[in-house]
Amino acid sequence: MKDNKNKTLKMVLAVVILAALIGALVLIYKNFSPKPTAGAKSVTIEVVDDQADTTSYEVNTDAEYLRQVMEETDGLTFSGAESEYGMMVDTVNGIRADYNENGAYWSFYLNDDYCNYGIDTQPVADGDHFSIVYTRAE
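Conventions adopted
Residues numbered from 1 in each chain as written. Predicted model: local features only at pLDDT ≥ 70, side-chain atom pairs only at ≥ 80, totals over all residues. Heavy atoms only, no water. Buried < 20%, exposed > 50% of the residue type's maximum accessible area, 1.4 Å probe, protein only. Helix = DSSP H or I, 4+ residues; strand = E, 2+ residues; numbered from the N terminus. Pairing = 2+ DSSP bridges. Salt bridge = Lys/Arg side-chain N within 4 Å of Asp/Glu carboxyl O.

(A) Inspection of the pairing of strand 4 (residues 86-92) at higher detail. Counted residue by residue, strand 4 has six buried out of seven residues, so it is predominantly covered. When strand 3 (residues 78-83) meets strand 4, the two strands line up antiparallel, connected through six bridges. Bridge pairing links Ser79 to Thr91 in strand 4. Between the end of strand 3 and the start of strand 4, which pair antiparallel, lie two residues.

(B) Molecular detail of the pattern of salt bridges. Going through the model one piece at a time under the given rule, you end up with five salt bridges. Among the ionic pairs, Arg67 bridges to Glu71, the shortest N-O distance being 3.2 Å. Of this pair, Arg67 and Glu71 both sit in helix 2 (residues 66-72), separated by four residues, roughly a single helical turn. Taking the relative accessible area as the measure of exposure, Glu71 reaches 51% and is therefore exposed. With its nearest N and O atoms 2.8 Å apart, the salt bridge here joins Arg67 to Glu82.

(C) Structural view of the sheet that holds strand 3. Strands sit in the order 3-4-5 across an open sheet of three strands; the sheet is antiparallel. Single-partner strands in this sheet number two, and they are strand 3 and strand 5 (95-96). Two strands pair when backbone bridges link them, and strand 4 and strand 5 are joined in this way by two bridges, in the antiparallel orientation. What sits directly across from Val92, in strand 5, is Ile95.

(D) The arrangement of unusual backbone geometry in detail. If you check the backbone angles, Asn111 has positive phi at about 50 degrees while not being a glycine. Summarising the element assignment, Asn111 is placed in the loop between strand 6 (104-110) and strand 7 (113-114). For Asp112, which is not glycine, the phi torsion reads 75 degrees and is therefore positive. Inspection of the secondary structure puts Asp112 in the loop between strand 6 and strand 7. By relative accessible area, which is 67% here, Asp112 ends up exposed.

Laid out in structure tokens, this is it:
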């Protein structure tokens, strides 16, 4: 009887600790995840294609996330597959990058650093410089 009581107590304690950890992780994410900037901003998007040719776009926008800015950019076209994580871009300005075919994909950079978020969740701030680069895996 005492063994069953100890096992039950340990199980309840484990569940309480797990719930506390999950709650702590949610709070950390909410406090430290990137926050979008509201209001007018000026953003630069640079596309480097499969021939290393560069096309630059200057965009004045109220958008808060990169995908919204890309959708507003005159002359910039893109498409891809929707997923639970947002759009996975495979085509930019008519050029398709197919990783399965030739190891190619589109890399996204923010101010020369690799973007840590997809285009649907990448916040945009005034003065940001985004690069979309056709890349082949080595």
